[in-house]
Amino acid sequence: MKIFSFSNLGKLALWGGSTAAILGVVALVGVSIYVVQVTEDLPNHEQLREYEPPVMSRMHAGDGLLIAEYAFERRVFVPIDAIPPQVLNAFLAAEDRNFYDHSGVDLMGMTRAAISNVGNIMRGRRLEGGSTITQQVAKNFLLSSEQRIARKVQEIVLAMRMERAFTKDRILELYLNEIFLGNRAYGVAAAALNYFDASLDELELHEIAYLAALPKAPNNYHPERRTEAAIARRNWVLSRMAANGFITEEQAREAQAQPLETKRRLQGDTYLAAEYFVEEVRRELFGMYGEEQLYSGGLSVRTSLDTQAQLAARQALRAGLLEYDRRYGYRGPLTQLEGFDDWPGQLAEFDAPRDMDEGWTIAVVLEVNDGEALIGTVDRVRGRVPLPELRWARRPSRSSSNNFPVRGPAISRAGDVLEMGDVIIVQRLNEEEDNYALRQMPEVNGAVMALDPYTGRVLAMVGGYSFQHSQFNRATQARRQPGSAFKPFVYAAALDNGFTPASIVLDAPFAATGGADMRFYRPSNYSDRFYGPSTIRLGLELSRNVMTVRLAQDTGMAPVVDYATRFGIYDRLDPVLAMSLGAGETTLWRLMSAYGALVNGGRRVEPTLIDRVQDREGRTIFVHDQRECIGCDVEEWSSDVREPQLDELGEDVVDPVTAYQVVSMLEGAVRRGTGSALNALGRPVAGKTGTTNEFRDAWFVGFTPDLVVGVYVGFDTPAPLGSGEAGGRAAAPIARDTFAPILENYPVAPFRVPDGVRLVPIDARSGEPSVLGRPGVILEAFRPGTEPVRGASREDETLTFGRGRERDGDEDAEADDGGVLSGIY
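Summarised in this report is the structure supplied together with it. (Residues numbered from 1 in each chain as written. Predicted model: local features only at pLDDT ≥ 70, side-chain atom pairs only at ≥ 80, totals over all residues. Heavy atoms only, no water.)

Examining the overall build of the protein
Across its full length, the protein holds 22 helices and 29 strands. Every one of the 825 residues in the protein was classed for burial, and the buried ones make up 53%. In the protein, of all internal contacts separated by at least 6 residues, the share reaching a separation of at least 24 is 71%. Here the protein displays about 38,000 Å² of accessible surface, and carbon together with sulfur accounts for 49% of that area. (Helix = DSSP H or I, 4+ residues; strand = E, 2+ residues; numbered from the N terminus. Buried < 20%, exposed > 50% of the residue type's maximum accessible area, 1.4 Å probe, protein only. Contact = heavy atoms within 4.5 Å. Areas by Shrake-Rupley, 256 points an atom, 1.4 Å probe, with all protein chains shown as cover.)

Brief notes about the side chain of Glu 69
By the secondary structure assignment, Glu 69 is in strand β2 (residues 66-70). A relative accessible area of 7% means that Glu 69 is categorised as buried. At 3.5 Å, the side chain of Glu 69 and the side chain of Arg 58 are in polar contact. For Glu 69, the contacting residues outside a window of four places in its chain are Met 56, Ser 57, Arg 58, Arg 74, Arg 265 and Leu 266. (Polar contact = N/O pair within 3.5 Å; in protein donor to acceptor, adjacent residues only side chain to side chain.)

Quick word on the pairing of strand β25 (residues 697-703)
A large share of β25 lies buried, amounting to seven of its seven residues. Here β25 shows no split at all, with Asp 697, Trp 699, Val 701 and Phe 703 on one side and Ala 698, Phe 700 and Gly 702 on the other all buried. Of the strand pairs in this sheet, strand β24 (residues 686-691) and β25 are connected by six bridges, and their pairing is antiparallel. Along β25, the bridge assignment pairs Thr 689 with Phe 700. If you look at the hairpin formed by β24 and β25, you'll find five residues sitting between the two strands, and Glu 694 has a positive phi there, around 65 degrees. Between β25 and the antiparallel strand that follows it, strand β26 (residues 708-714), lie four residues. (Pairing = 2+ DSSP bridges.)

Here we look at the side chain of Asn 89
Summarising the element assignment, Asn 89 is placed in helix α2 (residues 85-95). We classify Asn 89 as buried; its relative accessible area is 18%. Not counting the four nearest positions on each side in its chain, Asn 89 is found in contact with Met 241 and Phe 246.

Side note on helix α19 (residues 588-599)
With twelve residues, α19 ought to run about 16 Å at 1.5 Å a step, and its terminal C-alpha atoms sit 17 Å apart, in line with that. Here α19 lies mainly inside the structure; eleven of its twelve residues are buried. Every buried residue of α19 is accounted for by Leu 588, Trp 589, Leu 591, Met 592, Ser 593, Ala 594, Tyr 595, Gly 596, Ala 597, Leu 598 and Val 599. Gly 601 sits one or two residues past α19 and shows a positive phi near 70 degrees. (Expected span 1.5 Å × (residues − 1).)

With respect to the nonpolar core
Nonpolar side chains tend to gather and get buried jointly when the protein is soluble and globular. Counting residues in hydrophobic clusters, the biggest one holds 87 residues, and the most contacted among them are Met 59, Phe 486, Phe 567, Tyr 595 and Phe 703. A per-element tally of this core places α19 first, with nine residues. Once residues within four sequence positions are removed from consideration, Phe 703 is found in contact with Tyr 595, Val 599, Val 663, Leu 666, Val 685, Ala 686, Val 708, Phe 739 and Phe 751. Formed by 57 residues, the second largest nonpolar core is a distinct cluster that contains Ile 133, Val 137, Ala 209 and Ala 217. (Core = buried A, V, L, I, M, F, W, Y, C linked by side-chain atoms within 4.5 Å.)

Examining the pattern of salt bridges
Inspection of the entire model under this criterion finds 39 salt bridges. We note a salt bridge from Arg 327 to Glu 323, for which the minimum N-O separation is 3.9 Å. Its salt-bridge partner being Asp 655, residue Arg 783 comes within 3.2 Å of it at the nearest N-O pair. Taken together, the residues Arg 783 in the loop between β28 (777-782) and β29 (804-807) and Asp 655 in the loop between β23 (651-652) and α20 (656-671) connect sequence positions 128 residues apart. (Salt bridge = Lys/Arg side-chain N within 4 Å of Asp/Glu carboxyl O.)

What about the sheet that holds β2?
One open sheet holds the five strands; their spatial order is β2-β1-β5-β21-β22, and the pairing between them is mixed. Looking at strand neighbours, the two that pair on one side only are β2 and β22 (620-623), the edges of this open sheet. When strand polarity is set aside, the average angle formed by the axes of neighbouring strands in this sheet is 15 degrees. The pairing of strand β1 (residues 57-60) with strand β5 (residues 300-303) spans three bridges and is classified as parallel. Looking across to β5, one finds that Arg 58 is bridged to Ser 300. (Axes fitted to C-alpha atoms, helices over the stretch in contact; angles between N-to-C directions.)

A look at the packing of aromatic side chains
Inspection of every chain in the model, using the stated rule, returns 21 aromatic pairs. Each ring, one from Tyr 324 and one from Phe 715, has its centre 6.3 Å from the other, and the planes form 70 degrees; the classification is edge-to-face. Of this pair, Tyr 324 sits in helix α13 (residues 307-326) while Phe 715 is found in the loop between β26 and α21 (727-730), placing the two residues 391 residues apart along the sequence. The same class applies to Tyr 324 and to Phe 715, which are both buried. With centroids separated by 6.4 Å and ring planes inclined at 55 degrees, the aromatic side chains of Tyr 595 and Phe 703 adopt a geometry described as tilted. Of this pair, Tyr 595 sits in helix α19 while Phe 703 sits in strand β25; the two residues are 108 residues apart in sequence, bridging distant segments of the chain. (Phe/Tyr/Trp six-rings, centres within 6.5 Å; stacked < 30°, edge-to-face > 60°.)

So, the packing of helix α15 (residues 487-495) against α20
Packing of α15 against α20 brings their axes to within 10 Å, and their N-to-C directions diverge by 135 degrees. Put simply, α15 runs oblique to α20. The chirality of how α15 crosses α20 is right-handed. Of the residues in α20, those touching α15 at Pro 488, Ala 492 and Leu 495 are Thr 658, Gln 661, Val 662, Met 665 and Leu 666. (Parallel < 35°, antiparallel > 145°, perpendicular 65-115°, else oblique. Left-handed = near helix turned anticlockwise from the far one by under 90°.)

Examining the environment of Ala 257
Within the secondary structure, Ala 257 is located in the loop between α10 (249-256) and α11 (269-273). For Ala 257, a relative accessible area of 63% gives the class exposed. Sequence-wise, Ala 257 and Asn 235 are 22 residues apart; in three dimensions their C-alpha atoms are separated by 8.8 Å.

Looking at the layout of surface pockets
One number sums up the size of the second largest pocket: a volume of about 760 Å³. Along the walls of the second largest pocket sit 25 residues, with Arg 74, Arg 184, Arg 265, Leu 266 and Gln 267 positioned nearest its centre. Counting residues per element, the ones that place at least two in the lining of the second largest pocket are β2, α7 (188-196), α11 and α12 (275-296). Classifying every residue of the lining of the second largest pocket by side-chain character gives ten nonpolar, six polar and nine charged. (1 Å grid on protein atoms, 1.4 Å probe; cavity = no way out; pocket = protein on both sides within 12 Å on 5 of 7 lines; lining within 4 Å. Points joined across faces, edges and corners; volume = space filled by probe spheres on them. Nonpolar A, V, L, I, M, F, W, Y, C, P; charged D, E, K, R; others polar.)

Remarks on empty space enclosed by the protein
Any empty space left between atoms is shown by rolling a water-sized probe over those atoms. Scanning the model with the defined rule gives one cavity of 30 Å³ or more in all. In this structure, the largest cavity is lined by Leu 272, Ala 273, Glu 275, Tyr 276, Arg 314, Val 462, Gly 464, Tyr 465, Ser 466 and Phe 467. Those elements that provide at least two residues to the lining of the largest cavity are α11 and α12. Class assignment for the residues of the lining of the largest cavity results in six nonpolar, two polar and two charged.

Quick notes on the sheet that holds strand β15 (residues 458-462)
Here we have five strands laid out as an open sheet, ordered β15-β14-β26-β25-β24, and antiparallel in their pairing. Two strands close off the open sheet at either side, each with one partner strand: β15 and β24. With strand direction ignored, the average angle separating the axes of adjacent strands in the sheet is 5 degrees. Strand direction decides the pairing type here: strand β14 (residues 445-451) and β26, joined by seven bridges, are antiparallel. The residue bridging Ala 450 from the neighbouring strand is Val 709, located in β26. Sheet contacts for α13: β14, β15 and β26; angle to β15, the most-contacted strand, approximately 30 degrees.

Honestly, it's all geometry; don't read function into it.
In structure tokens, the structure reads:
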């Protein structure tokens, strides 16, 4: 047996050590070469110095309320100095407690992650990275999220370079504004808003801890779908904050005992009401700045929206459309259940109509008796629909002769309306009893707008019954015939061409050469009666069709066309008599602007939705009102200093005297004519109804001295609204109910009388001079020198029956056009 000597063992150890050293050097060289190879094309971390993250754009109402946000990534950038210390502490405790001590890489953290990953691999779980906050910034900003060794090496190298280039605070600022925290939120500020509808400084400790729990895996800690896991992770963060001395153990226990409750943002009636308005602004911004700037540029948009006016407009429109819809019966159930096994479950799975009114719900009819129907709601509540709440629900149909909607026979028992298994919409009548009323979503639609005539600011705009049902905006996109709502501009043209409000026009049978479809055109009044010689005022107040056509013929269609385009109602208008009765198509938006010019002394201001736009730095890049206000920036103000004078917005489209004469006549149209529904407001209001042929469209545009409101009602696929469904019935009440709550903020005031107007007492029916105090005497507005003279013959002012001009068939369909004038105003 050969025995090794100690010298041989020494040689062997020396050889082994040398070999190990050589292998170590080789390994080190190999690792170095690998590191160089995988990092030779690293992104330049210096770009982070000028980094501007995508920031969401935010839209506010005129009163400052946030009404919409637009973003690819919902982010609100917050400087590190503005982030509360406890928010910083929570994220440091959860993600990188040694952040302010390491140089970008935490070797102990990486070792712990490596050990944990042995078990993760065996269990098939996601691997841990052991990354510091600096490494996460490098990965999120400059690298991918691949779980590869090469990417990890790149991350480490970049983190070390970043630590040398940036301060710790800058790195932490980038991290807290970039990280994805679920719920469409990027960065802590957006997460605070999206989860808790609060700013960072409004968060409570337990809410801060929940946000700090999310970076690891937001979907795993969803507050509603995975509540237990979310609370457990939140409580772990609180325990780490206590362990690191950021909070006391008692504070941690108190916060851990709190429930996890989140709040939905931009929800509720105020936001639902603004949907059409918000979408119209979004389209305008998209056209001005493009997609990238709108969704990533951090724009701050201040709109003209008055949230209270918008709520009033939406409520009035929906109520008016529902009221019309009920007049023509019940169209049947949403669907029918085939069986009653687990009917609550079947109802829960049914796709109920969206955007139902408050208090509405779906239910199934469980039993039908003569005097009532027994129902069960989707909330498993049982109730009854008594017969009186079904009386309106007659079966609807349309007449075969004129396609007008008609109702079926009267309802005598519940079975005439409902059957077992019907899935219906109901509304609970009171909380104490189990009585419900039958409801249905309307088929008819419409729009309403409210406008400041002096600035053009659109205070409210509702483009339909429900934005969730249809995003088509009937205020801006629906081109329809305005009918008699166009008449005031025919009369304005006549007043500027030799007529006065007291001029006499013959209301008698009239015929004009027809077009290709008819030999003669014979307009008629709504009542199919004629009233003889009448004043122009009477013709407009009572919406006389024949008088309007005769007046347009005598004035000539050229001035009418000129005024129609000058007021912005049309871009072009065929010079045919049919157009004098509103046969051309326009939108509510355009008509509002035209009526605004009347009350604004003949000066038309283009409607606007946007007051101001600022970029992400707060610089104003757009402002609607660009008038210069010299003297508005004084430090102190005293009563003996003259107030600054601003130029008026818009352009003059008609003489102020003419505008006031039309306003005065339209005030009479409300007091005594087709707009009488507005008298309930108890203040000076002017306006005009409009109804198109066969009652297909109903309009009302009205105004006070400071506010214009317009309403359109009709079917999206044109069809008759029904006999008698004129503007005075279908549209004017909606305008009234829109006006009422808004006008609570406006003083009662008369319409402003411009210079150059003489108010002369005349007999409203004959137009003859008279004396105030007598029945039927009014103060009429004249230009000096045009007022009637007592005792003078007026035969020369009467238009005789003569040949007309070619026109298309169209007749107005207003309420009573033959009333009696009385009273003084």
